[in-house]
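What follows is each chain in one-letter form.
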Amino acid sequence: MMARFIRDDIKVRIDRDIMGEGYYIFTEGPGVGDNGHGQRIEYFPLHLYPFHCGLYEENGYQRLRLCEACKGQGWRWMPSNHGEDAERDLCPECQGEGGTI
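Residues numbered from 1 in each chain as written. Predicted model: local features only at pLDDT ≥ 70, side-chain atom pairs only at ≥ 80, totals over all residues. Heavy atoms only, no water.

(A) The arrangement of the state of the cysteines in detail. What the rule picks out here adds up to zero disulfides. Here Cys-67 stays unpaired: no disulfide links it, and the sulfur of Cys-70, its closest cysteine neighbor, is 3.8 Å away. Owing to a relative accessible area of 11%, Cys-67 belongs among the buried residues under this scheme. Taking relative accessible area as the criterion, Cys-70 reaches 6% and is therefore assigned buried. (Disulfide = S-S within 2.5 Å. Buried < 20%, exposed > 50% of the residue type's maximum accessible area, 1.4 Å probe, protein only.)

(B) Local environment of the environment of Leu-64. Tracing the backbone shows Leu-64 in the loop between β5 (62-63) and β6 (65-66). Separated by 51 residues in the primary sequence, Leu-64 and Arg-13 have C-alpha atoms spaced 9.9 Å apart. Contacts of Leu-64, omitting those with residues within four sequence positions, involve Arg-4, Ile-6, Glu-97, Gly-99, Thr-100 and Ile-101. (Helix = DSSP H or I, 4+ residues; strand = E, 2+ residues; numbered from the N terminus. Contact = heavy atoms within 4.5 Å.)

(C) Molecular detail of the sheet that holds strand β3 (residues 22-28). Read from one edge of the open sheet, five strands run β4-β3-β2-β1-β5, paired in antiparallel fashion. The strands lining the two open edges of the sheet, one partner per strand, are β4 (39-45) and β5. Note that β3 and β4 share seven bridges and pair antiparallel. Bridging from a neighbouring strand, Tyr-24 pairs with Tyr-43 of β4. (Pairing = 2+ DSSP bridges.)

(D) Spatial organisation of unusual backbone geometry. The phi torsion at Asp-8 lies on the positive side, around 55 degrees, for a residue other than glycine. Considering the arrangement of structural elements, one finds Asp-8 in the loop between β1 (3-7) and β2 (10-16). Residues other than glycine seldom take positive phi values, yet Gln-95 does so here, at roughly 55 degrees. As for its placement among the helices and strands, Gln-95 is situated in the loop between β8 (87-90) and β9 (99-100).

(E) Geometry of helix α1 (residues 49-58). Those residues of α1 that fall on the buried side of the exposure criterion are Tyr-49, His-52, Cys-53 and Tyr-56. Across the axial projection of α1, the buried residues extend over an arc of 100 degrees, all falling on one side. Among the exposed residues of α1, those pointing more than 90 degrees away from its buried face are Pro-50 and Glu-58. Tucked into the core, α1 has its buried residues touching β1, β2, β3, β4 and β5. Phi turns positive, to about 85 degrees, at Gly-60, one or two residues after α1. (Arc of directions from axis to C-beta.)

As structure tokens, this is what we get:
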């Protein structure tokens, strides 16, 4: 996780592409995306990261301070009580938001 932004009910998450030289921007909220599901995913080369962060802040988005417990993911792996594999669970520190304003 590189950064998270929020404005009204639109959430933006910027994740590094660990296999390449770029990053993904995930935008979620009402009226977002062409597919009607409220989500848009875009890919950009890494050198554009400072530009996008500045662009979001100039357009009224607030940058979230990433949650230290989950590193901004909004979830973490929890051990299962029954000796099974670990389960993905909502982060109790940020309640799935990935950070705070």
